[in-house]
Amino acid sequence: MVGFIARRLVQSLFVLFVMTLIVFFGVNVIGNPVYIFASSECNQACVNGIIADLGLDRPVWEQYFVFVGNALSGDLGNSFTFGVPAMSLIWERLPATLELAFAALVIALGLGLPLGILAGLRPDAISSRLIMGVSTLGFSVPVFWIGLILIMVFSVQLGWLPSIGRGDTVSILGLEASFLTLDGLSHLLMPAFTLSLFMLAMVIRLTRAGMREVLHADYVKFARANGISETRILSVHVMKNILIPIVTVLGMEFGGVIAFAVVTESIFSWPGVGKMLIDAIAVLDRPLIVAYLVFVVFMFVIINLLVDILYSVLDPRVRLGGGAR
Amino acid sequence: MSAGAVTRPEQAGPVDPAGAPRPAEASAFAAVARAYARSLIAMTALVVFAIIAVAALLAPWIAPQNPYDLTQVDLLDNLLPPGSESFSGQIYWLGTDGQGRDILSAILYGLRISLLVGLASGVIALLIGAAVGLVSAYRGSWLDATIMRIVDLQLSFPTILVALILLVILGRGVDKIVFALVVVQWAYFARTVRGVALVENSREYIEAARGLKLGHLRILFGHLLPNCMPTLLVVATVQVASAISLEATLSFLGLGLPPTQPSLGLLIANGFDYMQSGRYWISLLPGVVLLVTIVSINVVGDRLRDVLNPRLAR
Amino acid sequence: MKRLAALVVAAAMLSSASVAAQEVLTIGVRSEASSLDPHWTQLSADLQVQEHIFEKLVNLDSASQPIPGLAVSWEAIDDTTWEFKLREGVTWHDGEPFTADDVIFSFDRLRGGIEGAPASPAFTLDKGGKTWEKVDDLTVRVRTDGPYPTVAEDLAMVPIVAEHVARGVTASVDFNSGDAAIGTGPFLYNEFRSGDRISVVKNPGWWGGEVQWDEVVFRPVTQDASRLAALLNGDVDMIDYPPTADLPSLRDNPDFTVSSIPSDRLIYVMPAYRDVEDYVLDNDGNVMQPNPLRDWRVRKALSLAINREAIRDRIMGGASLPTRNVVPPGFFGYDESLEADPYDPEAAQALLAEAGYGDGFQLTLHGPNDRYINDARIVEAIAQMWTRIGVKTAVDTMPRNIFFSDLIRGHEDSFPGHDVPKFSMSLTGWGTVAGEATYTVSGILETYNAATGGGNGNFGRYSNPRIDARSILAKRTIDRDERLRLLQEAINIGMEDYALIPLHFQVNHWAMRRGLEHAARTNERTLAIEVRRVD
C-alpha cells in the first residue's frame, strides 16, 4: 500500500517535471515579448533595457532553474503585461471560472437527470428518441458554435440576455459570486449552458443506462410487488443506485470542464482563467502562459494521484494488477 | 470536450469483440452492410457524408471560384447576401464575405481542409495507437504496464488542454495541428486495441500459432490485428469526428490553422464579426456544414458500433 | 438559508437604488489596460485609463496641440533651457500638495533611478538628454544637451506621480492595487479587476472643475462583435472601435450615436530595400536580383494599383482619409499639395513594363491582424489589387506581437544589438502622437541609425541622404517656420521617391447610446471627461 502510493507519488512528480520542462522551453522559443512593451519609438538601448528587465538576456537554462526555484516557493513569475505575480492573477480569476463550471454542473444535473429518467422509463417513445438524439448532438456539436448561435438568438435577435462578461457580484465568504444577483444570473445563463452541454449529454446517457439496468433489478420488482408507489421507487431506490456512477464520472470530468472553459470564456468574455490564457497567448505573456499551464497540470496531477490512491484503498486489485485493467 | 466524444462512457473500456463477425469471412462484409442498411437514419447519414466527402474532394472542379486565387476575388463584390449577382454576372448562391470571396467556394475548400486534418490525424493516430496497443498486449509484463501507465496519464488530461499546449508552442499550420491531434488521439486507439488483443491473445488459435513457432510479426499482423479491425473502425469514425470538431474549436480560438488555409472553424470565426450586422451567412453557413459533417460521421459511427457489437446495442 | 437570501435581495435592492442616483458611464474597450502604473508601458489602452487618474505638465487638445496642464506656462530661456511654471493649489488625491519635487521625482522614476521603478519600457519618453532643476516649489527648469524644439510636446507624454506615495513601491503591483494610484486627475482609483473591469470615481476636488460622471467603468471586450453586442443590449454605454461593417446601421439607428475623427495614425505599406529580399520572387519562384522594389517605378506602380477609395468604402465602412502625407491635416508638417495617388491600374502596368517587369513577379505582403482597424482585411484587399496588375501577392497576417517582433528583427541574420528586419513588404502604421511631424519624419523616412535613434521605424531600411540632412537639421531647429520648411521638403522628397506607400489615415469611431455626446480625439484615446450627457 505504502509502496504503491510512493510509486505513484514519484510518477506524479516526474510527470510534473516533464511538463514544466515542455511548457517552459516550448513557450520560450515562441515570439519576442519585448515588442509588446516597446513602442515604435523604442531604440536599441531601450530594447536592451527591457530585455534585461525581463531577465531574457540570461541563458534559457538559467531562466529555467530560476523558474523552478521560484515555483517551489509558489512564485510562478510576474506577468509581462500586468507586472504583477502571475499566481495572484490566477487566484483572482479562478473564482469566476469555478462559478461557471459549477453552474454548468448544476444545469447538467438539473436538466440531465429528469431527461435521462424520462428516456429510461419509456425507451421507445418518440420523446425518448428525441432526447437521445439531442444528447448525441451534445457530444458532437462544437461548443463554440452553440455559443455563437445562442448569442445570435438571445442577445442579438431577441435581446433577452447579455452576451458579455460577468454581472454584478456579491461577496460571500470573501469570494465574489454573481449567481446571487439577477443581473449576475442573466450573465451566467448562456455561458454556463454552453459549457454544460457535454456534461448534460453524458448525464442523460448515464441516467438512461442506469435506469434501464436498475428497473429490471430484483429489488425493484420486489418493491413493486409490495405495492410501493412508483414515485417512491424512482426517487429513493432507483436514484440511489444510478447516482453513484454519475457522480463518479462527473467528478472526474470536472477538471476537463475547467480546461474547456477556455473556449466558453473566450466567446462570452467571461473574466475567468481561460479567457486570461487566450489573452496571454495573444500578447505572448510568457510567464502568465507558463503559470496557467503549470497550474492546471499541477491540478490534474493532484486529482489523478488522489483518484489512484482512492481506488487502491477501495479496490486492492488495482495494486496487485499493476497497470492492467 | 466537443471533441470529447472520445471519452464517452460506452467507450471507456475495450469493446468486447466476442460478438463481432469474423472479418475474414467473405460474406461478413455483406452481412454487416445489410445490418447497417436496416437503419434509415444511418443510411441517410452515410449518404450525406458521402456527398460531403465527394464535394470536398472535388472542390477545385465544382467550386464556382478558387477563393484563394486573388484574381478571381473582387473586393467590390464584398458582403453580398446569398443569391446576389456579381458585377460580372456570376451568381453567389451563398453570398460573399468581407473580401468578396464566394462563401460556397470558401465552404467547399474549407471542408477539404477540415476533412483532410480530421482524416490524416485519425489515420496516423490509428496506426501509431494500434501498433503500440498490439505490441503492448502481445509482449505483456513490464512493457505493457509502462505503456498503459503512459496511456492512462495521457487520457487523464483533457484533450483540449494538451492540444492547446502543443499549439501554443508549435504555432499554426496544417502539419502542426495534425501533429497535435495525433498526440491527443493515439492513446484511445492504443487502449482499445490492447483490450481487444488481450482477449484474442488468450484464445486457442494464438496459442496454436505460438506453438507452431510462427514469427511474432506474423502473429501480430496476420492474426491479432484483423480481429481488432471492427473495433478500430468504430473508434476511428468517432475520433475523426471529434478531431474535426477540435480543430474547428482551436482554429476559432486562433490557434489552429493559418488564415491562408481557412478551415470551417476559421470561416466561422471570420464571420463572427459580421453577425451583429445581420450578415449571418458568413458565419452561419459554414457552421451548418460543420455541424452536418460531424453529426453524420457520428451517426455512421454509432450505427457501426451497433452492427459490429450487437451486445452493446442500446 | 432563507435569511441569507433575504439579505442578498435587500443588498441587491440597496445597491441598485444607489446606482440609480449615480451618474455611471460604462465603456466597453477593445484592449484591456494592463497596469495603472503610468510609467509601465506606452500602450494606448493603458494610457487612456491612467489619464483619468494622473496628469501631465502639458496636455494635448483634441487636435494634439499642446495646452497647459499641471504647468500653466512655459518659455524657452535660451536654446537649451526651458522654464515651466506649475499650477498653484493642485493637490494629490490624498490631500497632499503637488510641487516641483513631484515633477523631478517622476522623471527620475521614468529613468529607472528609483527603487521599484519599472526598468522602464517607457523611458524613451524622455528624449534629448534632459536634466531637471527645481527653482522653487512651483517652478522647474529643463536643460537639454542641444537645441531641442519639442520639449513641450515631449512633456505631454509624461505622467506625473506623487513622490510621497510612489517612492519605493513596486512597479505596477502597488498601482493596480490602488495603494500608489494617487494622482491629481479628475478621477480617483476605485477598483481594478483584471479581465473584468477597472473603475474610477469622481474627484470632487479636481482643479479643472466639476466632473460630470460619478463613476466610470472600463470593461474589456476583445471581440469586435461581442463589444457591439454589449452596446446594443445595454451592457455598456459606449464602445471604442465599433466594427466598421456595422457603422452604417449604427448611424441609422436612432437609439445610438457614432462619433468619428480622423486619427493621427498613418497606415502605409513599407517596401524593403536590401539587394536581395527573401519574399520577392520571380515567376518561377527564384529570389530576384536586383530587388525590383529598389526601382521607384515599381513602387509607384504598386501605389497606383491600390484602389484607396474601394478600401475606404468596402472595408472601412466609408471612413478613412486616403493620403500621400505622413501627418494628418492640421498637424505641423502637413502639406496640402500632396494628394493621394489615384487608382490607375493601366498606368501601373505601363510603369512595371517600363521598369522591365512587364510579366510581373511574386511578393508576400505581411501585416498584423489585431493592431490597426481592419488591418488583415486591408492586407488581403491590397494583395487582390496587386495581383491584378501581375504582381502575384501572397498574404501573411499574424498577431501584432509576432508581427512586430519579426518586422523589427525577425531575419535570421539578426543577433543581439544588430536588428535585421524580416519582411520584404509589410502593412504597418505610425501615429504622430506629439501632434507634429519632426519625429515622424525622423522615424520612418530617415536612414536607420541604432545609435541616434534615427529611422527607428524604418524597417524597410530606406536611405536617402537628402532626407537625412533635412530631418537631422529639423530636430535641432527651434524656429518653427524654418523647421516646417525642412520637414515639408523631406516629406516631399520621400513621397516623390515612394520611399513608402501611404494608404490612409485611420478614422476612429466610438459608438454610444443615445443621449451621450462625445468630443472625439485624434490620438485614439477614450476619455470620460470628453463624454457628456445631453438628455
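Residues numbered from 1 in each chain as written. Chains lettered and ligands numbered in written order. Predicted model: local features only at pLDDT ≥ 70, side-chain atom pairs only at ≥ 80, totals over all residues. Heavy atoms only, no water.

- The name an unreviewed UniProt entry gives chain C is ABC transporter substrate-binding protein, with Salinarimonas ramus as the organism.
- Its UniProt record, at the heading Subcellular location (unreviewed entry), says of chain C: "Periplasm".
- For the record of chain C, the UniProt heading Sequence similarities (unreviewed entry) holds the text "Belongs to the bacterial solute-binding protein 5 family." (UniProt positions renumbered as here; feature names shortened; annotations may be inferred.)

- Under an unreviewed UniProt entry, chain B has the name ABC transporter permease and belongs to Salinarimonas ramus.
- For chain B, the Sequence similarities (unreviewed entry) comment in UniProt is given as "Belongs to the binding-protein-dependent transport system permease family."

1. Describing the overall build of chain C
Right, on to step 1. A count of helices and strands for chain C gives 16 helices and 22 strands.
Right, on to step 2. Rg of the C-alpha trace for chain C: 25 Å, near the compact-globule value of 24 Å for 535 residues, within the 12% margin.
Right, on to step 3. Overall, chain C is about 80 × 60 × 40 Å in size when its C-alpha atoms are taken along their principal axes.
Right, on to step 4. Summarising the internal contacts of chain C: among those between residues at least 6 apart in sequence, 67% fall at separations of at least 24. (Helix = DSSP H or I, 4+ residues; strand = E, 2+ residues; numbered from the N terminus. Rg over C-alpha atoms; globule rule 2.2 N^0.38 Å. Contact = heavy atoms within 4.5 Å.)

2. Re the pattern of salt bridges
Two side chains with opposite charge may pair up if their charged atoms get near one another.
Right, on to step 1. Across all of its chains, the model carries 42 salt bridges over all chains by this definition.
Right, on to step 2. Here B:D74 makes a salt bridge to C:R388, at a shortest N to O gap of 3.8 Å. Here C:R388 lies in helix 12 (residues 375-388) and B:D74 lies in the loop between helix 3 (59-62) and strand 1 (84-85), a pairing that spans two chains.
Right, on to step 3. The class of C:R388 is partly exposed, set by a relative accessible area of 37%.
Right, on to step 4. When salt bridges with common partners are traced through the structure, they connect C:E191, C:R193, C:D196, C:R197 and C:R219 into a single cluster. (Salt bridge = Lys/Arg side-chain N within 4 Å of Asp/Glu carboxyl O. Buried < 20%, exposed > 50% of the residue type's maximum accessible area, 1.4 Å probe, protein only.)

3. Examining the domain arrangement of chain C
All names here are of chain C.
Right, on to step 1. The domains assigned to chain C are domain 1 (2-220) and domain 2 (263-507).
Right, on to step 2. Counting residues at the interface gives 13 residues for domain 1, matched by 16 residues for domain 2.
Right, on to step 3. Around 1,200 Å² of area is buried between domain 1 and domain 2 when both sides are counted, 54% of it from carbon and sulfur atoms.
Right, on to step 4. Here domain 1 and domain 2 share 0 salt bridges between them.
Right, on to step 5. When its residues are assigned to classes, the side of domain 1 that touches domain 2 shows 6 nonpolar, 3 polar and 4 charged. (Domains from an automatic or database assignment. Buried area = accessible area lost by both parts, 1.4 Å probe. Nonpolar A, V, L, I, M, F, W, Y, C, P; charged D, E, K, R; others polar.)

4. So, the packing of aromatic side chains
Geometry of an aromatic ring pair is reported as the spacing of the ring centres plus the angle between the planes.
Right, on to step 1. All told, the structure shown has 24 aromatic pairs over all chains when counted by the stated rule.
Right, on to step 2. On the numbers, 5.4 Å between centres and 40° between planes, the contact of A:F25 with A:Y64 is tilted. With A:F25 in helix 1 (residues 2-28) and A:Y64 in helix 4 (residues 60-72), this pair connects stretches of sequence that are 39 residues apart.
Right, on to step 3. Residue classification places A:F25 among the partly exposed positions, given a relative accessible area of 21%.
Right, on to step 4. With a relative accessible area of 2%, A:Y64 lands in the buried category.
Right, on to step 5. Taking the centre distance of 5.8 Å and the plane angle of 65° together, the rings of C:Y357 and C:F361 count as edge-to-face.
Right, on to step 6. Looking at C:Y357, the relative accessible area reads 14%, which means it is buried.
Right, on to step 7. Here C:F361 falls in the buried class, since its relative accessible area comes to 0%.
Right, on to step 8. Grouped by ring-pair contacts, the aromatic residues A:F24, A:F25, A:W61, A:Y64, A:F65 and A:F67 constitute a single cluster.
Right, on to step 9. Looking at C:R461, its charged tip hangs above the ring of C:Y448, at a distance of 3.6 Å from the centre. (Phe/Tyr/Trp six-rings, centres within 6.5 Å; stacked < 30°, edge-to-face > 60°. Lys NZ or Arg CZ within 6 Å of the ring centre and 35° of its normal.)

5. Digging into the nonpolar core
Right, on to step 1. In terms of nonpolar packing, the biggest core is built from 178 residues, with A:F144, A:V238, A:Y292 and B:L161 touching the most fellow members.
Right, on to step 2. Element by element, the count of residues in this core is highest for helix 10 (residues 230-268) of chain A, at 17 residues.
Right, on to step 3. No fewer than three residues from each of domain 1 (2-72) and domain 2 (89-314) of chain A sit in this core.
Right, on to step 4. Counting 75 residues, the second-largest nonpolar core is a separate cluster that includes B:L75, C:Y268, C:A348 and C:I491. (Core = buried A, V, L, I, M, F, W, Y, C linked by side-chain atoms within 4.5 Å.)

6. Here's the deal with the interface of chain A and chain B
Right, on to step 1. Taken together, the contact between chain A and chain B spans 55 residues of the former and 46 residues of the latter.
Right, on to step 2. With both chains or domains summed, chain A and chain B bury close to 4,300 Å², and 77% of this area falls on carbon and sulfur atoms.
Right, on to step 3. When the buried area of chain A at its contact with chain B is split by residue, A:F144, A:W145 and A:F260 rank highest and sum to 14% of it.
Right, on to step 4. At the boundary of chain A with chain B, the tally comes to 0 salt bridges.
Right, on to step 5. The tally of links between chain A and chain B comes to 1 residue pair in polar contact (both at pLDDT 80 or more).
Right, on to step 6. Of all the elements in the fold, those that place two or more residues in the side of chain A that touches chain B are helix 1, helix 6 (126-140), helix 7 (143-157), helix 8 (182-215), helix 10, helix 11 (273-283) and helix 12 (286-314) of chain A.
Right, on to step 7. Here the side of chain A that touches chain B gets 10 residues from one element, more than from any other, and that element is helix 10 of chain A. (Polar contact = N/O pair within 3.5 Å; in protein donor to acceptor, adjacent residues only side chain to side chain.)

7. Describing the UniProt feature "transmembrane region" (unreviewed entry) in chain B
Residues and elements named next belong to chain B.
Right, on to step 1. The UniProt feature table records "transmembrane region" (unreviewed entry) at residues 40-63, 113-138, 150-171, 177-199, 220-244 and 280-301.
Right, on to step 2. From the first C-alpha to the last, residues 150-171 spans 25 Å; its make-up is 86% helix and 0% strand.
Right, on to step 3. With 100% helix and 0% strand, residues 177-199 has end C-alpha atoms that lie 34 Å from one another.

8. Here we look at the pairing of strand 17 (residues 361-368) of chain C
All names here are of chain C.
Right, on to step 1. By the criterion of burial, strand 17 is predominantly enclosed, with 7 of the 8 residues buried.
Right, on to step 2. In the sheet, strand 15 (residues 280-281) pairs with strand 17 via 2 bridges, with the strands oriented antiparallel. In the sheet register, V280 faces strand 17, and the bridge partner there is L363.
Right, on to step 3. Here 8 bridges tie strand 17 to strand 18 (residues 391-398), and the two strands are oriented parallel to one another. From the neighbouring strand, H366 faces strand 18, where its bridge partner is D396. (Pairing = 2+ DSSP bridges.)

9. Comments concerning the environment of C:L250
All names here are of chain C.
Right, on to step 1. Of note, L250 is situated in helix 8 (residues 247-252).
Right, on to step 2. What makes L250 buried here is its relative accessible area of 4%.
Right, on to step 3. Sequence spacing of L250 and S106 is 144 residues, and the spatial spacing of their C-alpha atoms is 43 Å.

10. A look at helix 13 (residues 400-409) of chain C
Right, on to step 1. Most of helix 13 of chain C sits out of view: 8 of its 10 residues are buried.
Right, on to step 2. Among the residues of helix 13 of chain C, C:N401, C:F403, C:F404, C:S405, C:D406, C:L407, C:I408 and C:R409 are the ones counted as buried.

11. Describing the pairing of strand 7 (residues 131-136) of chain C
Residues and elements named next belong to chain C.
Right, on to step 1. Inspection of the sheet shows strand 7 paired to strand 8 (residues 139-143) by 5 bridges, in the antiparallel sense. Of the residues in strand 8, the one forming a bridge with K134 is V140.
Right, on to step 2. Counting the residues that bridge the hairpin from strand 7 to strand 8 gives 2 residues.

12. Digging into the sheet that holds strand 5 (residues 71-78) of chain C
Residues and elements named next belong to chain C.
Right, on to step 1. Across the sheet, which stays open at both edges, the 4 strands sit in the order 5-6-8-7 with antiparallel pairing between neighbours. Because the sheet does not close on itself, it has two edges, and the strands there are strand 5 and strand 7. Neighbouring strand axes in the sheet, compared pairwise and without regard to direction, differ in orientation by 25° on average.
Right, on to step 2. Direction of pairing for strand 6 (residues 81-86) relative to strand 8: antiparallel, over a ladder of 5 bridges. Bridge pairing in strand 8 places T81 opposite R143.
Right, on to step 3. Running at roughly 170° to strand 7, helix 3 (residues 100-110) makes contact with strand 6, strand 7 and strand 8 of the sheet. (Axes fitted to C-alpha atoms, helices over the stretch in contact; angles between N-to-C directions.)

13. Here's the deal with the UniProt feature "domain: ABC transmembrane type-1" (unreviewed entry) in chain B
Right, on to step 1. UniProt feature "domain: ABC transmembrane type-1" (unreviewed entry): in the numbering of this structure it lies at residues 111-301 of chain B.
Right, on to step 2. The annotated region residues 111-301 of chain B carries 85% helix and 0% strand content, and the separation between its end C-alpha atoms amounts to 20 Å.

14. Thoughts on a nonpolar patch on the surface
Right, on to step 1. A cluster of nonpolar side chains, contributed by B:V54, B:L57, B:L58, B:W61 and B:I62, occupies part of the molecular surface with about 550 Å² of accessible area.
Right, on to step 2. For B:V54, a relative accessible area of 47% gives the class partly exposed. (Patch = residues over 30% accessible without salt bridge, like charges linked within 9 Å, V, L, I, M, F, W, Y side chains within 5 Å. Areas by Shrake-Rupley, 256 points an atom, 1.4 Å probe, with all protein chains shown as cover.)

15. Things to note about the confidence of the model for chain C
All names here are of chain C.
Right, on to step 1. When the pLDDT values of chain C are averaged, the result is 87; 93% of them are 70 or greater.
Right, on to step 2. Within chain C, helix 9 (residues 296-304) carries the highest mean pLDDT (96), whereas helix 1 (residues 2-21) carries the lowest (46).
Right, on to step 3. A low-confidence stretch, residues 1-20 (pLDDT under 50), is modelled with 1 contact involving residues beyond four sequence positions or located in other chains.
Right, on to step 4. For this predicted complex, the interface confidence score (ipTM) comes to 0.80, while the overall pTM stands at 0.82. (pLDDT = per-residue confidence, 0-100.)

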